Amino acid sequence: MADISTTLPLSRSSVLSAHELIKAHIYRTPVLTNTTLSTLASTPQSPDDLQGTRFEGRTPARPKMRLWFKCENLQRVGAFKVRGAFHALGRLTMEEGWAEGGGKERGVVTHSSGNHAQALALAARESCVRAHIVMPTVSVPQKVAATRGYGAAVYFSGSTSVEREAVADRVISETGARLVPPYDHPDIMLGQGTMGIELQEQVAELKARTDPYASAGTAGLDAIVAPCGGGGMLSGVALSAEGTGVRVFGAEPSFQGADDGKRGFESGRRVEAVSSLTLADGLRTPVGEWPWKVIYERRLVSGMYSVTEEEIKKAMRLVLERMKVVVKPSACVGLAVALFDEDFRAMVEREGGDTGWDLGVVFSGGNVGVDAIGSLFAE
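This one's a predicted model, so the numbers in the text were calculated from it and none came from an experiment.

Draft legend 1. How the structure looks around the sheet that holds strand S10 (residues 357–363). Read across the open sheet, the 6 strands follow the order S1-S2-S10-S7-S8-S9; overall the sheet is mixed. The open sheet has two edge strands, strand S1 (31–32) and strand S9 (303–307), and neither has a second partner. Two strands pair when backbone bridges link them, and strand S2 (residues 65–71) and S10 are joined in this way by 7 bridges, in the parallel orientation. Bridge pairing links Leu67 to Leu359 in S10. The strands touched by helix H14 (residues 333–340) are S2, strand S7 (223–227), strand S8 (247–253), S9 and S10; relative to S8, the strand with the most contacts, the crossing angle is about 100 degrees.

Written out as structure tokens, the structure is:
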């Protein structure tokens, strides 16, 4: 990875610089709206809906929300990960002595079972840099094929982090390749944060187009809710909103302790290990040290919320059926929070008042197979 001493400060201005560096390599993915989903988010849940849930006995909240969906499922490789990969690699190639020292030939290495593997392989190919990708033997064959299709050399390992890191260390010792981690590094965070910059700009543009007198702060948004796994994207989005008045919230699955970010946020101590088989498989990772500094220590994230497996499935079904958009379960946790988390909804009702909130919702990716979708909704 790039030396920490060479990274840009973790600030909104650095996210803007990151966007300048990578914008030729990424898509400015669309922002969509959906009247049905905004109406559902603004409709109180019935007391019957809350029976048997953690909110049983509560008076249902009555928030007003206008939802704006940032569609990173339509990004290159089908996920936001390309932003961080292109930025991290771009910054690495700018290091003094990189080219003279044979950096392109030695290449870069990472360990990932899916999106980051493909993202770094693509970034390396477009930069004419060799890529070495360590993938668990249980990785989805299509993801392995895609990673190889971008020209990367794939090495297989066991599925635990210790096993993956051991193989990556061996590749580094044999090739001299530089590590590009999936989320726990400032360059990755700044790259992922470029999505937040675009979302704020796009909502402001869309609102001005429909109502030139509309005003909801400098970005047109009151808040953004984004999924949180390792925290690279959430922390980057929080940096993108620094000083704008736009609040940022994290969303996680609660199944088998996958809500480590929420638990850490509430206890004041980062949870370092997670073992969960949540269907939101992209969010099974504990929050990294660098993202934690932004999320909790600097308080750039205003709160963390978690949702159940059933709530994630309900949100995903709504996206598929009402928006006609293909997303993976991990991408739906933010929408699930807006629709079903009474703590979040009561906060929006209280703080949004009569006008309500314009809420940005991040769809983080769409890499899910037809068979997987079918099995999710087979019952």
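The rest of the description comes next.
Draft legend 2. Spotlight on the packing of aromatic side chains. Across all of its chains, the model carries 7 aromatic pairs by this definition. Ring geometry for Phe249 versus Tyr305: centroids 6.1 Å apart, planes at 55 degrees, classification tilted. Separated by 56 residues along the polypeptide, Phe249 in strand S8 and Tyr305 in strand S9 bring together distant segments of the chain. Look at Phe249 and you get buried, because its relative accessible area is 0%. By relative accessible area, Tyr305 is classed as buried at 12%. Here Phe249 and Phe344 contribute two aromatic rings whose centre-to-centre distance is 5.5 Å and whose plane-to-plane angle is 85 degrees, an arrangement assigned as edge-to-face. Pair noted here: Phe249 is in strand S8 and Phe344 is in helix H15 (residues 342–352), with a separation of 95 residues, a long-range link. Put simply, the rings of Phe249, Tyr305, Phe344 and Trp357 pair up and form one aromatic cluster.

Draft legend 3. Up close: the domain arrangement of the chain. What the domain assignment reports for the chain is domain 1 (12–78 + 185–377) and domain 2 (80–179). Distance between the C-alpha centres of domain 1 and domain 2: 27 Å. Each side of the interface is counted separately: domain 1 has 24 residues, and domain 2 has 19 residues. Approximately 1900 Å² of surface area, both sides summed, lies buried where domain 1 meets domain 2, with 61% of it carried by carbon and sulfur atoms. In this structure, the connection of domain 1 to domain 2 is made through 3 salt bridges. Among the ionic pairs, Glu198 bridges to Arg83, the shortest N-O distance being 2.8 Å.

Draft legend 4. Up close: the pairing of S2. Across the 7 residues of S2, 6 count as buried, placing the element largely inside the fold. Direction of pairing for S1 relative to S2: antiparallel, over a ladder of 2 bridges. Paired with Leu32 across the strands is Phe69, a residue of S2.

Draft legend 5. Spatial organisation of the pattern of salt bridges. Going through the model one piece at a time under the given rule, you end up with 22 salt bridges. Glu95 is the partner of Arg178 in a salt bridge, and the nearest nitrogen-oxygen pair spans 3.1 Å. Taken as a pair, Arg178 in strand S6 (residues 178–179) and Glu95 in the loop between helix H4 (81–93) and helix H5 (103–106) lie far apart in primary sequence, 83 residues in all. Between Arg263 and Asp259 there is a salt bridge whose closest N-O contact spans 3.2 Å.

Draft legend 6. Region of interest: the sheet that holds strand S5 (residues 153–157). Overall, parallel pairing links the 4 strands, which are arranged S5-S4-S3-S6 in an open sheet. Two strands bound the open sheet, and with one partner strand each, they are S5 and S6. Note: strand S3 (residues 108–111) against S6, 2 bridges, orientation parallel. Within S6, the position partnered with Val109 by the bridge is Leu179.

Draft legend 7. Broad picture of helix H13 (residues 309–323). In this model H13 runs 21 Å from its N-terminal to its C-terminal C-alpha over 15 residues, within 8% of the 21 Å that 1.5 Å per residue would give. For H13, the full list of buried residues reads Glu309, Glu311, Ile312, Lys313, Ala315, Met316, Leu318, Val319 and Met323. Taken from the residues just after H13, Lys324 is the one with a positive phi, measuring 60 degrees.

Draft legend 8. Up close: unusual backbone geometry. Of note, Cys128 is a non-glycine position whose phi angle comes to about 60 degrees, a positive value. The backbone of Arg299 sits at a positive phi, close to 55 degrees, despite the residue not being glycine. By the element assignment, Arg299 lies in the loop between helix H12 (289–297) and S9. Assessed through its relative accessible area of 47%, Arg299 is described here as partly exposed.

Draft legend 9. Main features of the pairing of S8. When you tally the buried positions in S8, you get 6 out of 7 residues, the bulk of the element. As paired strands, S7 and S8 are joined by 5 bridges and run parallel to one another. Looking across to S8, one finds that Ala226 is bridged to Gly250. After leaving S7, the chain enters helix H10 (residues 232–240) and then returns to the sheet as S8, a path that is right-handed. Of the pairings in the sheet, the one linking S8 to S9 comprises 5 bridges and is parallel in character. Of the residues in S9, the one forming a bridge with Phe249 is Gly303.

Conventions used here
- Residues numbered from 1 in each chain as written.
- Predicted model: local features only at pLDDT ≥ 70, side-chain atom pairs only at ≥ 80, totals over all residues.
- Heavy atoms only, no water.
- Pairing = 2+ DSSP bridges.
- Helix = DSSP H or I, 4+ residues; strand = E, 2+ residues; numbered from the N terminus.
- Contact = heavy atoms within 4.5 Å.
- Axes fitted to C-alpha atoms, helices over the stretch in contact; angles between N-to-C directions.
- Phe/Tyr/Trp six-rings, centres within 6.5 Å; stacked < 30°, edge-to-face > 60°.
- Buried < 20%, exposed > 50% of the residue type's maximum accessible area, 1.4 Å probe, protein only.
- Domains from an automatic or database assignment.
- Buried area = accessible area lost by both parts, 1.4 Å probe.
- Salt bridge = Lys/Arg side-chain N within 4 Å of Asp/Glu carboxyl O.
- Expected span 1.5 Å × (residues − 1).
- Right-handed = clockwise from strand over helix to strand, strands pointing away.

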